[in-house]
Amino acid sequence: MSENLSRNELIEAIKNTRKSFDTDNPTIPFIEGDGIGVDIWPASQKVFDAAVSKAYSNNRRINWLEVLAGQKAYDFTSEWLPEATLDSFDEYGIGIKGPLTTPVGGGIRSINVSIRQKLDLYVCLRPIRWFQGVETPTKNPGDVNISLFRENTEDVYAGKELEMNSEQVKKLNNFLKSEFSWDIREDSGIGIKPISKTASERLIRSALNYAVENNKKNVAIVHKGNIMKFTEGAFRAWGYDLVKNEFSDVAVSWEDCNGQPGDKILVQDVIADAFLQQILIKPQEFEVIATTNLNGDYASDALAAQIGGIGISPGGNINYENGKSVFEATHGTAPKYAGHNKANPGSLILSGEMMFRYMGWNEAAELIIKSMEKSIFEGNVTYDLARGRNDATTLSTEDFAKSLVENIEGF
Ligand code: NAD
């Protein structure tokens, strides 16, 4: 499939993806995850199965297929990310994963980054909302309801970095000096930050399309284009061009409507540092964000902290053009709690909720959200969410999942 679909082609591709999950018995590959993966995966799977069974009266069922990555893969196969795992995600077009240990000093920089890059999952989607009852460091966490689209394949994550004093860095430095008269200190490491029109357009197109589909009225392009003009600044410019060329019937930029969009989606841009202030001061003004990889990394963690939860922030890595996707817990392996039946499975469970919604299994997704809202509101939570609440009962990982399953069965 072409790398650069138009808006209409993209909508068609998304519809076809949904159709491909229109089976009652899909196979979904999963990676259990390292560290607390042994606790949170089995708990999450019970919640997923309960939601599907309740929503579809046992007419639908997921065939869970375990695939290996991380420490478990290394122990069994001496590889951190076996080709067979990528092949399964590729074949079934979908997957879900727990957290993975980043090997130190191995041949692979990060397994997560490798999965995203090898499957070309160009969107990292992070929905960020508050659950009533969660303690937060901010006053009005209920004002946060943001879907953040982070570019997932390039920027400084492209891994184009050379080490200080290496032969390659000397060669590059000499080239930059002779060809561009760029004077870079000799004792520098050098990294390259590629931002392409292709990758920027497909990311921003996905965000705009999501806004249209979900009836959102506000899209912000977040960038640092005042300093990095030909990378981040270009990201902004390509975004505005896209609005004009492909979305003019449904969206308009601030400049073109003087802040009066009428019925259309208002698209504006915000410089990344100002954005980090504004999400604290007036988060209710943001609905959908489209941003580059590194900005997205910082902003999504800042927003997750704002709503009180590393343990409950989900994520999805998606290629909307070919439909492939891998959903994932956004926290790490929390090795201190591994095997203690203590960690919060919420991030993985909500990643499953995103996955069901992506598949068009909205009824199952809805049950998961409602059950999570109920348990958290009633104070039936794991240790991390019980902290700072005097009305909460601290549950184990397993018991938290049981409480969600009971809610689901009772709805
Ligand atoms: P971490 O997310 O594992 O832990 C940070 C803090 O959050 C710790 O205090 C931890 O106990 C707590 N925490 C994390 N998840 C929790 C949960 N579900 N419930 C309750 N508390 C939770 O981050 P780290 O310590 O920087 O990294 C540990 C390992 O995880 C490293 O190998 C790192 O590379 C890896 N990592 C993986 C991912 C991923 O797979 N997506 C993301 C981040 C880090």
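Described below are features of the structure shown in this document. (Residues numbered from 1 in each chain as written. Predicted model: local features only at pLDDT ≥ 70, side-chain atom pairs only at ≥ 80, totals over all residues. Heavy atoms only, no water.)

**Considerations on the packing of helix α12 (residues 346–359) against helix α13 (residues 362–378)**
Part 1 of the argument: Following both chains from N to C, one finds α12 and α13 inclined at 155°, their axes separated by 7 Å at the closest point. Relative to α13, α12 is oriented roughly antiparallel. Of the two possible hands of crossing, α12 and α13 adopt the one that is left-handed. Counted together, Gly346, Ile349, Leu350, Glu353, Phe356 and Arg357 of α12 and Asn362, Ala364, Ala365, Glu366, Ile368, Ile369 and Met372 of α13 form the full contact between these two elements.
Part 2 of the argument: Of the residues contributing to the contact of α12 with α13, the split by class is 8 nonpolar, 2 polar and 3 charged. (Axes fitted to C-alpha atoms, helices over the stretch in contact; angles between N-to-C directions. Helix = DSSP H or I, 4+ residues; strand = E, 2+ residues; numbered from the N terminus. Parallel < 35°, antiparallel > 145°, perpendicular 65-115°, else oblique. Left-handed = near helix turned anticlockwise from the far one by under 90°. Contact = heavy atoms within 4.5 Å. Nonpolar A, V, L, I, M, F, W, Y, C, P; charged D, E, K, R; others polar.)

**Looking at the site of the ligand**
Part 1 of the argument: Of all residues adjacent to the ligand, which total 20 residues, the nearest are Leu100, Thr102, Gly332, Ala334 and Asn344.
Part 2 of the argument: Here Gly332 contributes a backbone N or O atom positioned 2.6 Å from an oxygen atom of the ligand.
Part 3 of the argument: Here an oxygen atom of the ligand and a backbone polar atom of Thr333 are 3.0 Å apart.
Part 4 of the argument: Compared with its free state, where it exposes 820 Å², the ligand has 67% of that area covered by protein.
Part 5 of the argument: Here the residues of the shell around the ligand sort into 10 nonpolar, 8 polar and 2 charged. (Near = heavy atom within 4 Å. Polar contact = N/O pair within 3.5 Å; in protein donor to acceptor, adjacent residues only side chain to side chain. Areas by Shrake-Rupley, 256 points an atom, 1.4 Å probe, with all protein chains shown as cover.)

**Thoughts on unusual backbone geometry**
Part 1 of the argument: One non-glycine residue with positive phi stands out, namely Asn58, at about 65°.
Part 2 of the argument: Position of Asn58 relative to the elements: it lies in the loop between α2 (37–55) and β2 (63–66).
Part 3 of the argument: Not every positive phi belongs to a glycine, and Asn215 is a case in point at roughly 60°.

**Remarks on the packing of aromatic side chains**
In this description, a pair of aromatic rings is defined by centroid distance and the angle of the planes.
Part 1 of the argument: Considering all chains together, one arrives at 17 aromatic pairs under this definition.
Part 2 of the argument: Aromatic pair Phe30 and Trp64: ring centres 6.4 Å apart, planes at 80°, arrangement edge-to-face. You can see Phe30 sitting in strand β1 (residues 27–31) and its partner Trp64 sitting in strand β2, a full 34 residues away along the chain. Like Phe30, the residue Trp64 is buried in the burial classification.
Part 3 of the argument: Between the aromatic rings of Phe180 and Trp182, the centroid separation amounts to 5.0 Å while the plane-to-plane angle is 35°, which identifies the pairing as tilted.
Part 4 of the argument: By the ring-pair criterion, three or more aromatic residues cluster together here, those being Phe30, Trp41, Phe48, Tyr56, Trp64, Phe356 and Trp361.
Part 5 of the argument: Above the plane of the ring of Tyr157 lies Arg150, whose end atom (NZ or CZ) is 5.1 Å from the centre.
Part 6 of the argument: Seen from the ring of Tyr383, Lys342 lies directly overhead, with NZ or CZ sitting 4.7 Å from the centre. (Phe/Tyr/Trp six-rings, centres within 6.5 Å; stacked < 30°, edge-to-face > 60°. Buried < 20%, exposed > 50% of the residue type's maximum accessible area, 1.4 Å probe, protein only. Lys NZ or Arg CZ within 6 Å of the ring centre and 35° of its normal.)

**Remarks on the pattern of salt bridges**
Part 1 of the argument: Scanning the model with the defined rule gives 27 salt bridges in all.
Part 2 of the argument: Across the pair Glu328 and Lys97 runs a salt bridge whose closest N-O atoms are separated by 2.8 Å. Taken together, the residues span a long stretch of sequence, with Glu328 in strand β13 (residues 325–329) and Lys97 in strand β3 (residues 94–97) at a distance of 231 residues. Note on accessibility: Glu328 and Lys97 belong to one class, buried. (Salt bridge = Lys/Arg side-chain N within 4 Å of Asp/Glu carboxyl O.)

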